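# Examining the three-dimensional arrangement
Below, each chain spelled out in residue letters.
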Amino acid sequence: MKKLFISCPMRGRTEDSIKSSMERMHKIAEAYFDQELEVIQSYIPDTAPTTGNRRVWYLGESIKMMAEADYFIGIQYEDAFAGCNIEVSVARGYNIPYTLVDLCMMPDAVEVAREFWEKVAQ
């Protein structure tokens, strides 16, 4: 079975909300690619080292997982989630077939993005 990597905003969201979004994205990807896909479990529990840039550590772990992906689904460009943007760039740059969904399918992530943009505007 082909493997799917799901790039989903995680910062500022609960585990349940993230996993719910991933389930929806999985269904969308299977419809888009017209086949059953095994999901690469990209949700990483809080295991990052306590020193250094934890967000970069999580991104590095995520990109390692992408090496096994036959397909990719992520969010359309959204500056508030830099890691997601990088994952989309990796999928594009390394020719992993991909599709993108609108962030509005994740209302709590939209709120996190809104808070990000309010801080940037200050």
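The rules behind the values
Residues numbered from 1 in each chain as written. Predicted model: local features only at pLDDT ≥ 70, side-chain atom pairs only at ≥ 80, totals over all residues. Heavy atoms only, no water. Helix = DSSP H or I, 4+ residues; strand = E, 2+ residues; numbered from the N terminus. Buried < 20%, exposed > 50% of the residue type's maximum accessible area, 1.4 Å probe, protein only. Contact = heavy atoms within 4.5 Å. Expected span 1.5 Å × (residues − 1). Arc of directions from axis to C-beta. Lys, Arg positive; Asp, Glu negative; His and termini not counted. Salt bridge = Lys/Arg side-chain N within 4 Å of Asp/Glu carboxyl O. Core = buried A, V, L, I, M, F, W, Y, C linked by side-chain atoms within 4.5 Å. Axes fitted to C-alpha atoms, helices over the stretch in contact; angles between N-to-C directions. Parallel < 35°, antiparallel > 145°, perpendicular 65-115°, else oblique. Left-handed = near helix turned anticlockwise from the far one by under 90°.

Residue placement: Thr-99 occurs in strand β4 (residues 98-101). Of the residues examined, Thr-99 reaches a relative accessible area of 11% and is grouped as buried. Sequence spacing of Thr-99 and Pro-9 is 90 residues, and the spatial spacing of their C-alpha atoms is 15 Å. The residues contacting Thr-99, other than those within four sequence positions of it, are Tyr-32, Phe-33, Phe-72, Ile-73 and Gly-74.

It is worth spelling out helix α1 (residues 15-33) at this point. For α1, which comprises 19 residues, the first-to-last C-alpha distance of 26 Å matches the rise-based estimate of 27 Å (1.5 Å per residue) to within 8%. Taken residue by residue, α1 has Ser-17, Ile-18, Ser-21, Met-22, Met-25, Ala-29 and Phe-33 as its buried positions. One face of α1 carries all of its buried residues, which in axial projection span an arc of 130 degrees. When the buried face of α1 is taken as reference, the exposed residues oriented beyond 90 degrees from it are Asp-16, Glu-23, Lys-27 and Ala-31. Those residues of α1 that are buried lie in contact with β1 (3-6), β3 (71-75), β4 and α4 (107-121).

A few words on the side chain of Glu-87. If you trace the backbone, Glu-87 turns up in helix α3 (residues 82-93). The buried charged residue Glu-87 lacks any salt bridge partner; its closest oppositely charged side chain belongs to Arg-13, at an N-O distance of 11 Å. The residues contacting Glu-87, other than those within four sequence positions of it, are Phe-5, Ser-7, Leu-59, Ser-62, Met-66 and Phe-72.

The biggest cluster of nonpolar side chains holds 22 residues, and the ones touching the most others in it are Met-25, Phe-81 and Met-106. With 5 residues, α1 is the largest single contributor of residues to this core. Excluding its chain neighbours within four sequence positions, the residues that come into contact with Phe-81 are Pro-9, Arg-11, Ile-75, Leu-103, Ala-109, Val-112 and Ala-113. Membership of the second largest hydrophobic core comes to 9 residues, among which are Met-66, Ala-69, Phe-72 and Ala-91.

You will see that Asp-34, though not glycine, has its phi angle at about 55 degrees, which is positive. Tracing the sequence through the fold places Asp-34 in the loop between α1 and β2 (38-39). A residue is classified by how much of its surface remains accessible, and Asp-34, at 70% relative accessible area, is exposed. For Asn-95, which is not glycine, the phi dihedral falls at a positive 55 degrees. Checked against the element boundaries, Asn-95 lands in the loop between α3 and β4.

Close contact between helix α2 (residues 54-66) and α3 brings their axes to 10 Å; oriented N to C, the two are set at 25 degrees. When the interaxial angle is binned, α2 and α3 end up roughly parallel. The two elements α2 and α3 cross, and the hand of that crossing is right-handed. Facing α2, whose interface residues are Arg-55, Leu-59, Ser-62, Ile-63 and Met-66, α3 presents Ala-82, Gly-83, Ile-86, Glu-87, Val-90 and Ala-91.

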